[in-house]
Amino acid sequence: MPYYKFNKNDVYRNTLKTFPSVKFLVYSGSAYYNNTPNMSGAFADPIRLTDGGHVSLYEMNVDRVSSSTDRFIGGNIPDNGLIYSWVVKGGDRLGFRSEAAASWDASQYGDVLISNYPYTASIAKEFYSATTPRSSSAPIYVSPTNMTGAVSHILTLKNTINHYSYLNPQFAYSSSVRDFNLIELGLINIPSIFYGSTIKQGTVDLNYYITGTLIARAQDTNRDGVLYGTYGETSGSAIGLALYNEGFLILTSSVSLSDDQSYYTSPSVLSRPRWTVFAQSLTGSVLGTVGDDLGPGPDPAVGLITAPSASFLMEMSGTSMVQTLTAFASAPKGELNQSTNPTFIKYTANNFANSSSQAYIENDKMEIKNVVSSSYADPTGSFEKTTYISKVGLYDGNKNLIAIAKVATPVRKTVERDFTFKIKLDL
Amino acid sequence: MATSFKTFDPTKDSVVSRNLLHEAIPITGTIVSGTYSDNNIKNYSHGMFQSVYDYPFLSSSANHIFDLTAGYSAGSEVSGTSATHVQNSKKINIYNQMAQVLAGFNAQGAVREFDEDGDLTGGTKIEEAYFINVTRLLSKDEIKKGSFTLTLGVNADYTNPFAQTINITDASGSNGFKVNSPAGEYGILFAKNGTGTPMSAHGTNGTAVGLLYYQAGVAVLSSSAFDSLLSVPVSMSRTEGVASHPSASVNAILSSSAISGNCDALRHRTENLLFNNTIELNSTVYFCRANNTDFNYSANPTYLSSSKMVVKTDSTDEPVTYVTAVGLYSADNELLAVAKLSEPLKKTPATEFTARVRLDY
């Protein structure tokens, strides 16, 4: 089997920029990512232990439920039926990010620290009314949850929003036209696992449906991050901003899109559909109880925000870089015309080697099988050394076989033919 | 940018460390032996092994968890070429393929047979074996030594296999593993009684019944686990015992059934498979030292306004910066990595700090 060394220009690496489609359908308290259904399994419901709108990072615990088995794995690791990761607390201060620092500090050296799968990620929606404080020393109620931090998420994006002002004057946290601290707005957070390195500019497409009928649509028609209405009441108007690199959509238009009212931000207050409540039904139930002292801002009521007549479709393309290695393997003329395959030799009874206690003598008159095509079975065509190349092996510097490229059908190689195989490997 | 770059002293400012992260992997036998009506079992037309998934494999949620196969050496008593020997050459090929990768070759260039106690100079060889190849998804860098437990149902009655069980563990693995394999380290699998007393006697550690290759993630299980190890050999296919139906013994089945049939029989008697895996986390920690006279000035455009530092009130105030990120550069000043702080750190000529930047790979 001959080996050939790749020359300098035979191997190159490049990056493929791909734009995977990302689609979220939000309806009645749930999101569905790329039409992933909520399937139930024989044991777990849903089988991935997370909803269709979530991605599961390792997807390890499929159709498993946690239950005590009274068994241990390797001595002191409890078997609860689930795959989970663990690490022994040591002087290297290694721990899981999901564990609070206080809890980590409280454990002893040598203790087993546990983290649970699945790790999941999902989109989130926050609604800021005009009166919701953007920063406060008390917890801030941003529908649907209390933010325990002193600064709201929208305020933490202030510098980022202002940074993109070179693209469009709409990117201003506070201007003479509007102030994000004082207007009603919605913030949609899309984790990067859904879109990769960045959301592709101009691909965000928001569709607002009431009882299955499209009432409004918004797109970034200028590809600068400003979302404009392209259908419905807000057609032609800027309705929000997209932070493509950071994965945020900020919806600022509170223009009524329809007269069909629903419970978008509170289970007790009807309001009209508008862009600021786009995907608001994703939030599901409202936390807290009436009369809670949740600091400044309105107290939340208990109940569900499902807006059953509204559904929301959010489409975009992510950006994913795929490194590929391309190698050109050449089969030159006059080479690769011999095979050690047993069928390369014409079968005769004299093919055996003579061996005795003194000698091992191979038959040097073995005839190569003539496989040249002919119209007749006998005589065959004029003999020509012919091999069929079925695969190309890639070896490392120590001649370890590291990859095999197979061709769909064997390639006929004769003395006067030369081939170059283009081998591509996604890294 | 006067003092933006500081050169590392490789002897003092960086250290390479390795940490071990583990995962607990429980595989309950019901997944393996029938919850999904064998829709999670993939058999191939070549018939040389069978793949086991944790969910019906046509679902995108399914994970490949291990492959099963069986084979015997050419010198085994169950080997033969008569019509009753099904897939004889394939079983020998499987055994030889596994043996040459896991046990290697002897001085004469012949494939070594698996050795029951790992001492290659002699002793009992495992000539008939089942192979459990755990996928990389589960075994990761290696199976953690001393954590492997396979519980097999060894009740003589095929239809009620778990009335008696044996636990097969690599109990000695944590300190008694072998290194004379080309595929890395391996431990001896020992069997002890689980439910009931199917084994009339066994040593303190148990009775050797197979091998576990930690880095390769392959368990080699001797067919004796269903036969000579036990007081009553088990039936691999019938309700009645082997005494009345010798054709249902493990060696008879190894000979007369296809590899897939042998794998089905093993799965039928698998109650549990438990192990921990190991993931090596290699890290380099860079100690980025900001001395009192370093990094007290910024080239950030917002640092100056009308040629005055905006963070200073009076001209006599000491300079102040807020460190938000640490960049790691190559020798020719190419930015390779950026470490961000969770919140800006105030830096003045009166303060010093060391940012500990950890790079995992």
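Computed from a prediction, not measured in an experiment: that's the story for all the values here. (Residues numbered from 1 in each chain as written. Chains lettered and ligands numbered in written order. Predicted model: local features only at pLDDT ≥ 70, side-chain atom pairs only at ≥ 80, totals over all residues. Heavy atoms only, no water.)

Draft legend 1. Seen up close, the overall build of chain B. Tallying secondary structure elements over chain B gives six helices and 19 strands in all. Classification of the 361 residues of chain B by burial places 45% in the buried group. For chain B, long-range pairs separated by at least 24 residues make up 63% of all intrachain contacts whose partners lie at least 6 apart in sequence. Only carbon and sulfur atoms are counted for the fraction: they give 51% of the accessible area of chain B, which is about 16700 Å². Charge-centre separation for chain B: the mean point of 25 positive side chains lies 6 Å from the mean point of 33 negative side chains. (Helix = DSSP H or I, 4+ residues; strand = E, 2+ residues; numbered from the N terminus. Buried < 20%, exposed > 50% of the residue type's maximum accessible area, 1.4 Å probe, protein only. Contact = heavy atoms within 4.5 Å. Areas by Shrake-Rupley, 256 points an atom, 1.4 Å probe, with all protein chains shown as cover. Lys, Arg positive; Asp, Glu negative; His and termini not counted. Charge placed at Lys NZ, Arg CZ, Asp CG, Glu CD.)

Draft legend 2. Seen up close, the overall build of chain A. Broken down by element type, chain A carries four helices and 27 strands. In terms of C-alpha radius of gyration, chain A reaches 33 Å, well past the compact-globule figure of 22 Å for 427 residues. Considering only C-alpha atoms, chain A reaches an extent of 105 × 60 × 40 Å along its principal axes. The buried share among the 427 residues of chain A stands at 39%. If you take every contact in chain A between residues at least 6 apart in sequence, the share linking residues at least 24 apart comes to 56%. (Rg over C-alpha atoms; globule rule 2.2 N^0.38 Å.)

Draft legend 3. Up close: the interface of chain A and chain B. Each partner contributes to the interface: chain A provides 29 residues, whereas chain B provides 32 residues. Carbon and sulfur atoms make up 59% of the area that chain A and chain B hide from each other, which totals about 2400 Å². Summed over the shared surface of chain A and chain B, the number is nine residue pairs in polar contact (both at pLDDT 80 or more). (Buried area = accessible area lost by both parts, 1.4 Å probe. Polar contact = N/O pair within 3.5 Å; in protein donor to acceptor, adjacent residues only side chain to side chain.)

Draft legend 4. Local environment of the sheet that holds strand 21 (residues 310-317) of chain A. All names here are of chain A. One open sheet accounts for 10 strands, arranged 3-2-21-14-15-16-17-18-13-10; its pairing is antiparallel. Of all strands in the sheet, those with a lone pairing partner are strand 3 (30-33) and strand 10 (124-128), marking the two edges. Sheet twist, expressed as the mean angle between neighbouring strand axes with direction ignored, is 20°. Here strand 15 (residues 213-219) pairs with strand 16 (residues 226-231) via three bridges, running antiparallel. Within strand 16, the position partnered with A218 by the bridge is G229. (Pairing = 2+ DSSP bridges. Axes fitted to C-alpha atoms, helices over the stretch in contact; angles between N-to-C directions.)

Draft legend 5. Spotlight on the pattern of salt bridges. Overall, the coordinates contain 17 salt bridges over all chains when judged by the stated rule. The residue D205(A) makes a salt bridge to R217(A) at a minimum N-O spacing of 2.7 Å. With a gap of 12 residues between them, D205(A) in strand 14 (residues 205-210) and R217(A) in strand 15 connect regions that are remote in the sequence. Accessibility expressed as a relative area gives 10% for D205(A), which makes it buried. Residues K346(A) and E367(A) are paired through a salt bridge, measuring 3.8 Å at the closest nitrogen-oxygen approach. Here K346(A), found in the loop between strand 22 (320-331) and strand 23 (354-355), pairs with E367(A), found in the loop between strand 24 (360-361) and strand 25 (386-395); they are 21 residues apart in sequence, far enough to count as distant. On the basis of relative accessibility, which here comes to 46%, the residue E367(A) falls in the partly exposed class. Look at the salt bridges and you will find they share partners, linking D38(B), D264(B) and R267(B) into a network. (Salt bridge = Lys/Arg side-chain N within 4 Å of Asp/Glu carboxyl O.)

Draft legend 6. Local environment of the confidence of the model for chain B. Residue-level pLDDT values for chain B average 90, and 98% of them are 70 or greater. Across the assembled chains, the prediction reports ipTM 0.85 with pTM 0.82. (pLDDT = per-residue confidence, 0-100.)

Draft legend 7. Representation of the packing of aromatic side chains. Residues and elements named next belong to chain A. Tallied over the entire structure, the rule returns 30 aromatic pairs over all chains. The interplanar angle of 75° and the centroid separation of 4.8 Å between the aromatic rings of Y33 and F194 together place this pair among those described as edge-to-face. Of the two residues, Y33 is situated in strand 3 and F194 in helix 4 (residues 192-195); the sequence distance between them amounts to 161 residues. The buried category is assigned to Y33, whose relative accessible area is 16%. (Phe/Tyr/Trp six-rings, centres within 6.5 Å; stacked < 30°, edge-to-face > 60°.)

Draft legend 8. Examining the nonpolar core more closely. Membership of the largest hydrophobic core comes to 65 residues, with the highest contact counts inside it found for F114(B), L152(B), I166(B), L221(B) and F226(B). If you look at the next biggest cluster of nonpolar residues, it comprises 39 residues, including F24(A), I190(A), L227(A) and L251(A). (Core = buried A, V, L, I, M, F, W, Y, C linked by side-chain atoms within 4.5 Å.)

Draft legend 9. Main features of the sheet that holds strand 27 (residues 419-426) of chain A. Residues and elements named next belong to chain A. Taken in spatial order, the three strands line up as 1-22-27 in an open sheet, and their pairing is antiparallel. Pairing within the sheet leaves two strands with one partner each, and these edge strands are strand 1 (11-18) and strand 27. Averaged over all pairs of adjacent strands, the angle between their axes in this sheet comes to 30°, without regard to strand direction.

Draft legend 10. Spotlight on helix 2 (residues 88-102) of chain B. Residues and elements named next belong to chain B. For helix 2, which comprises 15 residues, the first-to-last C-alpha distance of 21 Å matches the rise-based estimate of 21 Å (1.5 Å per residue) to within 8%. Considered for burial, the residues of helix 2 that qualify are N88, K91, I92, I94, Y95, M98, A99 and L102. Along the axis of helix 2, the buried residues cluster in a sector spanning 155°; they form a single face. Just beyond helix 2, the residue with positive phi is G104, at close to 85°. (Expected span 1.5 Å × (residues − 1). Arc of directions from axis to C-beta.)

Draft legend 11. Local environment of the environment of G110(A). Residue and element names in this part refer to chain A. Position of G110 among the secondary structure elements: in the loop between helix 1 (101-106) and strand 8 (112-116). Between the alpha carbons of G110 and H54 there is a distance of 34 Å; along the sequence they are 56 residues apart. Every residue in contact with G110, bar those within four places of it in the chain, is listed here: V88 and K89.

Draft legend 12. Expanded view of the environment of P342(A). With respect to the helices, strands and loops of the structure, P342(A) is situated in the loop between strand 22 and strand 23. Placed 218 residues apart in sequence, P342(A) and A124(A) show a C-alpha to C-alpha distance of 64 Å.

Draft legend 13. Spotlight on the pairing of strand 9 (residues 149-153) of chain B. All names here are of chain B. Most of strand 9 is tucked away, with five of its five residues classed as buried. In terms of strand pairing, strand 9 meets strand 10 (residues 165-169) through five bridges, oriented antiparallel. Counted as the bridge partner of T149 is T169 from strand 10. Relative to strand 14 (residues 270-290), strand 9 runs antiparallel, the two sharing four bridges. Each residue of the ladder has a partner; that of T151, found in strand 14, is N272.

Draft legend 14. Quick look at unusual backbone geometry. All names here are of chain A. Residue P46 is bonded to the preceding D45 through a cis peptide linkage, with omega at 0°. Here P46 is to be found in the loop between strand 3 and strand 4 (55-56). Of note, the amide linkage connecting Y117 to P118 takes the cis form, showing an omega dihedral of 5°. Inspection of the secondary structure assignment puts P118 in the loop between strand 8 and strand 9 (120-121).

Draft legend 15. Examining the pairing of strand 2 (residues 21-27) of chain A more closely. Residue and element names in this part refer to chain A. Residues of strand 2 alternate between two faces, with V22, F24 and V26 buried on one and S21, K23, L25 and Y27 left unburied on the opposite face. In terms of strand pairing, strand 2 meets strand 21 through seven bridges, oriented antiparallel. Within the sheet, the bridge partner assigned to V22 lies in strand 21 and is M316. In this sheet, strand 3 lies alongside strand 2 in antiparallel orientation, the contact comprising four bridges. Bridge pairing links L25 to Y32 in strand 3. Counted between consecutive antiparallel strands, the loop separating strand 2 from strand 3 contains two residues, among which S28 sits at a positive phi close to 50°.

Draft legend 16. Highlighting a nonpolar patch on the surface. Residues and elements named next belong to chain B. Taken together, the side chains of F5, Y329, L335 and V338 present a nonpolar region at the surface, about 370 Å² in accessible area. Positionally, Y329 belongs in strand 17 (residues 321-329). Judged by relative accessible area, Y329 falls into the partly exposed class, the value being 37%. (Patch = residues over 30% accessible without salt bridge, like charges linked within 9 Å, V, L, I, M, F, W, Y side chains within 5 Å.)

Draft legend 17. A look at the environment of F352(A). Following the sequence through the fold, F352(A) ends up in the loop between strand 22 and strand 23. Along the primary structure F352(A) and Y209(A) are separated by 143 residues, whereas in three dimensions their C-alpha atoms are 80 Å apart.

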